[in-house]
Amino acid sequence: MQLHFSPSMRSITISSSNSNGFIDLMKIKVAARHISYRTLFHTILILAFLLPFVFILTALVTLEGVNKCSSFDCLGRRLGPRLLGRVDDSGRLVRDFYRILNEVKAGEIPSDLKLPDSFDQLVSDMKNNQYDAKTFAFMLRGMMEKLEREIRESKFAELMNKHFAASSIPKGIHCLSLRLTDEYSSNAHARKQLPPPELLPLLSDNSYHHFILSTDNILAASVVVTSTVQSSLKPEKIVFHVITDKKTYAGMHSWFALNPVTPAVVEIKGIHQFDWLTRENVPVLEAVENQNGIRYYYHGNHVAGANLSDTSPRKFASKLQARSPKYISLLNHLRIYLPELFPNLDKVVFLDDDVVIQRDLSPLWEIDLEGKVNGAVETCRGEDEWVMSKRFRNYFNFSHPLVAKHLDPDECAWAYGMNIFDLRAWRRTNIRETYHSWLRENLKSNLTMWKLGTLPPALIAFKGLVHPIDPSWHMLGLGYQNNTNIESVKKAAVIHYNGQSKPWLQIGFEHLRPFWTKYVNYSNDFLRNCHILEP
């Protein structure tokens, strides 16, 4: 077979000879040649100019892993690698990575997998052992789970240490009580009658403003009394009734005898000096203080037997707070007996020992309680979860049939710490009997109805007998919240360090402590000798 091209390249003739000696001819015409040599030259020149850019775009795609690009200027970056046989695999790599992560999440960490102790060790092990992606993912998961466990254990340990710190008596305060008790036995001035005989009639004069404070903390009591007197516009109208236990009575009496807060009147009484406080009148509280199971609940090991894996640090903190030993102290339950302990008084303000008074409180006696017994700040009107968003559901176990039957979980709670009590209206109620009845039921149910001390039974006993007062009178949460608004603290009439971080403890919040320490006389010899020093 032979090919013959015409000179003009317009036709091709194909010839061949068969077995019979004949010649076969085939003539093929081709299209006209329209491309000139000049055009071919220009085409080659343009390609020579564009090819470097195609290679550069291919390199960019390889380095950046671009797999999505919709703009026109990215068109070359998308098509260049494909024209050159290069395809971006980053999408497939991401899918493979997610697949490995899901497998590791669902699988068990190999028991023989040795976890590195640091990131540097992880990098070193990866280089030396050439781990695959799945093994690397298992190592990361194992390291993160180990770190989470260690953080969780540290948090629970911190909460336990804070609970012990809050429940203990600081060395300086214990020293103060001992030194003042010794002073009471050796110094006649420390034993002088409080108040003086000529002022005794004022103790039952209802034209005066009567404050009641129940505490065994001498330093805290001095701050409450001092801040109240210094903030008052009429300090000569103030009468303080300070109630303490038998062991603290001598020291408390010595302090206020040697450090008078004139012109206010101060009375110091021990629980043992109230004839009414007998076992016959407070049988339930006697059981609360002396029952071994109850005492172990509040004073025993709070971690032994507890399944910490099934609880959060916040719930654990709440349980620890509920186990504060103060909740089985008669001093803490004493407020429920005010009408009997002060039969001649009509209206009183009861203060906790962890409050500071910053404003004159005499207007409290002018508030019309509208026939109610207890004037208190409600704690369900705020946004914070710790203090001002409390309803009955936060205090009671509504899975208990008795609680579910008689109480409403959405009912608003109120606060102890600063309360106005109309004792005349109180004497017409059965508040004390209701309080005792529910305490008795909770004891029978092994404390399954509620855990937190004195407020829950009071919420029931005063049900329907509480008159809400303006929240500016009583600001709570200074012992709970580190982020308390300072401007709000300055404006409040009474600030309350309820919670574990009391201002006299080292765990107190530093920026909130000055509101309390400003009423402490650090130059006092007893404080100096007990090394209670100004921060």
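So, how was this worked out
Residues numbered from 1 in each chain as written. Predicted model: local features only at pLDDT ≥ 70, side-chain atom pairs only at ≥ 80, totals over all residues. Heavy atoms only, no water. Phe/Tyr/Trp six-rings, centres within 6.5 Å; stacked < 30°, edge-to-face > 60°. Helix = DSSP H or I, 4+ residues; strand = E, 2+ residues; numbered from the N terminus. Buried < 20%, exposed > 50% of the residue type's maximum accessible area, 1.4 Å probe, protein only. Lys NZ or Arg CZ within 6 Å of the ring centre and 35° of its normal. Pairing = 2+ DSSP bridges. Axes fitted to C-alpha atoms, helices over the stretch in contact; angles between N-to-C directions. Contact = heavy atoms within 4.5 Å. Salt bridge = Lys/Arg side-chain N within 4 Å of Asp/Glu carboxyl O.

Asker: Sorry if this is basic, but what is going on with the packing of aromatic side chains here?
Answerer: Note on aromatic pairs: each is described by the distance of the centres and the angle between the planes. Per the stated rule, a full pass over the model turns up 13 aromatic pairs. Ring centres 5.2 Å apart and planes at 20 degrees place the aromatic pair F211 and F240 in the stacked group. Of this pair, F211 sits in strand β4 (residues 209-214) while F240 sits in strand β5 (residues 238-244), and the two are 29 residues apart along the sequence. Each member of the pair, F211 as well as F240, is classed as buried. Aromatic pair F421 and W426: ring centres 5.2 Å apart, planes at 55 degrees, arrangement tilted. The exposure class assigned to F421 is buried, which follows from its relative accessible area of 0%. With relative accessibility at 4%, the residue W426 sits in the buried group. An aromatic cluster of three or more residues is present, and its members are W414, Y416, F421, W426 and F462. Cation over ring: K237 sits above Y208, and NZ or CZ is 4.4 Å from the ring centre. R335 extends its terminal NZ or CZ atom over the ring of Y416, reaching a point 4.0 Å from the ring centre.

Asker: I keep staring at the sheet that holds strand β10 (residues 418-422) and nothing clicks. Help me out?
Answerer: Either a parallel or an antiparallel arrangement is found when strands of a sheet pair, and the pairing is made through backbone hydrogen bonds. Here we have seven strands laid out as an open sheet, ordered β6-β5-β4-β7-β10-β9-β11, and mixed in their pairing. In this open sheet, the two edge strands, each paired with only one partner strand, are β6 (265-270) and β11 (466-468). Direction aside, neighbouring strands of the sheet carry axes that sit 25 degrees apart on average. Inspection of the sheet shows β4 paired to strand β7 (residues 347-351) by four bridges, in the parallel sense. Counterpart to I212 in the pairing with β7 is F350. Seen against the sheet, helix α7 (residues 218-231) touches β4, β5, β6 and β7 and runs at an angle of roughly 170 degrees to β5. Where helix α8 (residues 246-258) meets the sheet, it contacts β5 and β6, and its direction lies at approximately 160 degrees from that of β6.

Asker: Teacher, can you tell me more about the pattern of salt bridges here?
Answerer: Applying the stated criterion to the full structure yields 14 salt bridges. With a shortest N-O distance of 3.2 Å, D352 and R335 are connected by a salt bridge. Note that D352 is positioned in the loop between β7 and β8 (355-357) and R335 in the loop between α12 (330-333) and α13 (338-341), a separation of 17 residues in sequence. As far as burial versus exposure is concerned, D352 and R335 are alike and both buried. Residues K490 and E487 are paired through a salt bridge, measuring 3.7 Å at the closest nitrogen-oxygen approach. Highlighted residues: K490 and E487, both in helix α18 (residues 486-491), separated by three residues, approximately one helical turn. Classification of E487 as partly exposed rests on a relative accessible area of 46%. Among the ionic contacts, a cluster of salt bridges with common partners joins D216, D245 and K247.

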